[in-house]
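# Chain and residue survey
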Amino acid sequence: MIQSHERLLIIDFGSQVTQLIARRLRELNVYCEIHPYNRVDDAFLAAFAPKAVILSGGPDSVTREGSPRAPEALWNFGVPVLGICYGQQTMMQQLGGLVESGHGTAEFGRAFVTPENGDLSILDGWFAAGKEQVWMSHGDHVSKIAPGFTVYGTSPNAPFAVTADISRNFYAVQFHPEVHHTPKGAKLYENFIRLAGFKGDWTMKGYREQAIQAIRDQVGDSHVICGLSGGVDSSVTAILLHEAIGDQLTCVFVDHGLLRKNEAADVVKMFRDNYKIKLIAADESDLFLNALEGVSDPEVKRKTIGKLFIDVFQKYANEIEGAKFLAQGTLYPDVIESVSFSGGPSVTIKSHHNVGGLPEKMGLKLVEPLRELFKDEVRALGRELGLPASFIGRHPFPGPGLAIRCPGEITREKLAILQEADAVYIDQIRKHGLYDEIWQAFAAILPMKTVGVMGDGRTYDFAVSIRAVTSVDGMTADTYPFTHEFLGETMTRIINEVKGVNRVFYDLTSKPPGTIELE
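Sequence positions are assigned chain by chain, starting from 1 and proceeding in written order. Restriction of local features to residues with pLDDT of at least 70 applies here, the model being predicted, together with a cutoff of 80 or more for giving and counting side-chain atom pairs; totals for whole chains, interfaces and linings are based on all residues. Side-chain descriptors were evaluated using all non-hydrogen atoms of the structure, hydrogens and water having been removed beforehand.

### As for the overall build of the protein
For the protein, the count of helices and strands is 14 helices and 20 strands. Each radius of gyration is computed over the set of C-alpha atoms, and the globule rule expresses the reference value as 2.2 Å times the number of residues to the power 0.38. Taking 519 residues into account, the globule formula puts the C-alpha radius of gyration at 24 Å, and the protein, at 26 Å, falls close to it. Across its three principal axes, the protein shows a C-alpha extent of roughly 75 × 65 × 40 Å. When a residue's accessible area, from a 1.4 Å probe over protein chains only, is under 20% of the maximum for its type it is buried; when over 50% it is exposed; and in between it is partly exposed. Residues classed as buried in the protein amount to 57% of the 519 residues present. Comment: elements are numbered from the N terminus, with helices defined as DSSP H or I runs of at least four residues and strands as E runs of at least two.

Shown next, in the form of structure tokens:
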């Protein structure tokens, strides 16, 4: 789908913020892809044909035998290369420099880089104040730069903070320009893609046209069923598919009993009022809730719900003549997070229910037209497609729904209480005009009861946690700074209006160390 675009390759060495590099470049209208270092060999490099390459950071040490390396063909490939942190270190080591561990030169956190040896085009617009704040996170350090390189910036513990071999268009920085704590990091990327000659041809208008053609090429005259949740991802997927194949599309909205108050009716009405797309509204709440009875482990919840979704889609696919494809709103972060950069075992934070293919027994193939996009790009594509603001601006809602906002065992009683508490909370946010300032807000019912006093009587009821975060892409998130007056008013409304709740907490945890959802 993206062959006609200028492309930048990001070789991933395992940094937790590699995705941020891609996002910064997409914001500059440059198409890029992240690929693990051990999947980028000489043949891959030639086939991908990047216009430039960025080497990410990573947790390993280049001083360790067998540690990750860039493909040797890269150094003679003839395109600009930017190495970041570990990427700088492997560049130096592979090209004849030296990297050492320890010796008191580790840096973690904010640092200041000062210029050396004249101007460097990749740093245009920097050093207006004589030094520039950056974010460092390294234990090893370059102790000797490779032949042909010159030092252009230093920090207190990184004498080679910025180096370059201008003749070969090789650039290397010890800090992380992709994070917000490097205020002029975006400017560095802008300079890099400019010197690499990118025209900035990655736009949602262009993507829309190519995606529609790719869908038609893949689907042919077959029928597609699309899982519709009412969220922005599935809505954009459905509208894009409808533009591409028209009546060959049938959407299936599954009410699994884990939706917010009135959500099933609201989504179906909203979709039918705005679009003339075939839509099956399937009430499968008893199927899901019976299967979840007695289940408390969050991974078991997710996997149970994911399997049942597949069973339901299979059921309706069997009723649609010519149905050969299932469409999903899989996004690029889901794809990246499902692949270990080393190719080995990696920690599972939580399962992505829409990554990993389909059971063979379904006999369906996947259509995933958004799998190359980040969340903010999906919203931009939605605007390009003319989706109403009510679709595009909806807060994200997870596929497992309220199941992961109900830690511990799920019961119908707890779900009913949670639905009411969440409805009051979101009504408060809308009433105060805060909905569009917040990335995601929700209530959760905690696996505990507390003693309270109401009307001079003793209560022993559930505690509710409310959460609101701000974010750009959901990869990191900060707590929304509600006033005490707002929180007090919201607490009073929830306790007064929702039977079964006598205590309300506000969750102040950022991401990291927490996740946005509780489970």
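### Section: the nonpolar core
Buried Ala, Val, Leu, Ile, Met, Phe, Trp, Tyr and Cys residues that are joined via side-chain atoms within 4.5 Å together make up what is termed a nonpolar core. Membership of the largest hydrophobic core comes to 53 residues, with the highest contact counts inside it found for Tyr425, Ile429, Ile466, Phe482 and Ile494. For this analysis, residues touch if any pair of their heavy atoms sits within 4.5 Å. Excluding anything up to four places from it in sequence, Ile466 contacts Tyr425, Phe442, Ala443, Leu487, Thr490, Ile494, Val504, Phe505, Tyr506 and Asp507. With 43 residues, the next largest nonpolar core counts Trp202, Ala211, Ile215 and Leu279 among its residues.

### Focus: the packing of helix H13 (residues 412–431) against helix H14 (residues 484–497)
Where H13 contacts H14, the two axes come as close as 9 Å, and the packing angle between them is 145°. Relative to H14, H13 is oriented so that their crossing is right-handed. The segment H13 lies against H14, with Ala421, Val424, Tyr425, Asp427, Gln428, Ile429 and Lys431 engaging Phe486, Glu489, Thr490, Arg493, Ile494 and Glu497. Residues belonging to the contact of H13 with H14 are distributed by class as follows: six nonpolar, two polar and five charged. For helices, the fitted line uses only the C-alpha atoms of the stretch in contact; every axis is such a line through C-alpha atoms, and the angle between N-to-C directions lies from 0 to 180 degrees. By convention, the crossing between two helices is left-handed when the near helix turns anticlockwise from the far helix through less than a right angle, and right-handed when the turn is clockwise. Charged means Asp, Glu, Lys or Arg here, nonpolar means Ala, Val, Leu, Ile, Met, Phe, Trp, Tyr, Cys or Pro, and polar covers whatever is left, Gly included.

### Quick look at the side chain of Thr250
Note on placement: Thr250 falls in strand E13 (residues 249–255). Take Thr250: its relative accessible area is 6%, and that puts it in the buried class. Nitrogen and oxygen atoms within 3.5 Å of one another constitute a polar contact, given that in protein one can donate a hydrogen and the other can accept it, and given that sequence-neighbouring residues count only through two side-chain atoms. Polar contacts involving the side chain of Thr250 include one to the side chain of His223, which spans 2.9 Å. Setting aside anything within four residues of it in sequence, one finds Thr250 in contact with His223, Val224, Ile225, Cys226, Lys278, Ile280 and Ile320.

### Remarks on the layout of surface pockets
The way it works is a 1 Å grid over only the protein atoms, where trapped points that fit a 1.4 Å probe form a cavity and open points with protein on both sides within 12 Å along at least five of seven lines form a pocket, and then any residue with an atom within 4 Å of a point lines it. Grid points are joined across faces, edges and corners, and a volume is the space filled by probe spheres set on the points. Reported here for the second largest pocket is a volume of approximately 440 Å³. Together, 19 residues line the second largest pocket, and Arg260, Asp266, Arg394, Ile426 and Arg430 are the ones closest to its centre. Contributions of two or more residues to the lining of the second largest pocket are made by helix H7 (263–274) and H13. Among the elements that take part in the lining of the second largest pocket, H13 stands out by supplying six residues, more than any other. Grouping the amino acids of the lining of the second largest pocket by side-chain chemistry returns six nonpolar, five polar and eight charged.

### Digging into unusual backbone geometry
Looking along the chain, the bond that leaves Lys511 and enters Pro512 is cis, with omega of -15°. Although it is not a glycine, Cys85 adopts a positive phi angle of roughly 55°. Along the polypeptide, Cys85 turns up in the loop between strand E4 (81–84) and helix H3 (86–94). Its relative accessible area of 3% is what places Cys85 among the buried residues.

### Points about helix H9 (residues 298–317)
In a helix, the anticipated span is given by 1.5 Å times the number of residues less one. The end-to-end C-alpha separation of H9 is 29 Å, in line with the 28 Å expected for 20 residues at 1.5 Å each. Along H9, the residues that are buried comprise Lys301, Arg302, Ile305, Gly306, Leu308, Phe309, Ile310, Val312, Phe313, Gln314, Tyr316 and Ala317. In this structure, the buried side of H9 is in contact with strand E12 (223–228), E13, strand E14 (278–283), helix H8 (285–292) and strand E15 (323–327). Capping the start of H9 is the job of one residue whose side-chain oxygen sits 3.0 Å from the backbone nitrogen of Glu299: Asp297.

### Remarks on the confidence of the model for the protein
Low pLDDT means the predicted atomic positions in that stretch should not be read closely. Per-residue pLDDT for the protein has a mean of 88; in total, 92% of the residues score no lower than 70. What pLDDT expresses is the predictor's confidence in each residue, scored from 0 to 100. Note that pLDDT drops below 50 for residues 340–356; the model gives that stretch 33 contacts with residues more than four away or on any other chain.

### Regarding the packing of helix H5 (residues 204–219) against helix H11 (residues 375–384)
When two helices pack together, their arrangement is given by the angle between the helix axes and by the axis-to-axis distance. Closest axis-to-axis distance for the H5/H11 pair is 9 Å, and the angle between their directions is 80°. As judged from the angle between their axes, H5 and H11 are roughly perpendicular. Here Met204, Lys205, Tyr207 and Arg208 of H5 come into contact with H11, specifically with Glu377, Ala380, Leu381 and Glu384. Tallied by class, the residues present in the contact of H5 with H11 amount to four nonpolar, no polar and four charged. Here roughly perpendicular refers to angles of 65 to 115 degrees, roughly parallel to angles under 35, roughly antiparallel to angles over 145, and oblique to all remaining angles.

### Description of the pattern of salt bridges
A side-chain nitrogen of Lys or Arg and a carboxyl oxygen of Asp or Glu constitute a salt bridge if their distance falls within 4 Å. Tallied over the entire structure, the rule returns 28 salt bridges. Salt-bridge contacts for Asp233 lead to Lys375; the nearest nitrogen and oxygen are separated by 2.9 Å. Separated by 142 residues along the polypeptide, Asp233 in helix H6 (residues 232–245) and Lys375 in helix H11 bring together distant segments of the chain. The shortest N-O distance in the salt bridge between Lys431 and Glu489 comes to 3.2 Å. Of this pair, Lys431 sits in helix H13 while Glu489 is found in helix H14, placing the two residues 58 residues apart along the sequence. Bridged by salt links that share partners, the residues Arg23, Arg24, Glu27 and Asp376 form one connected network.

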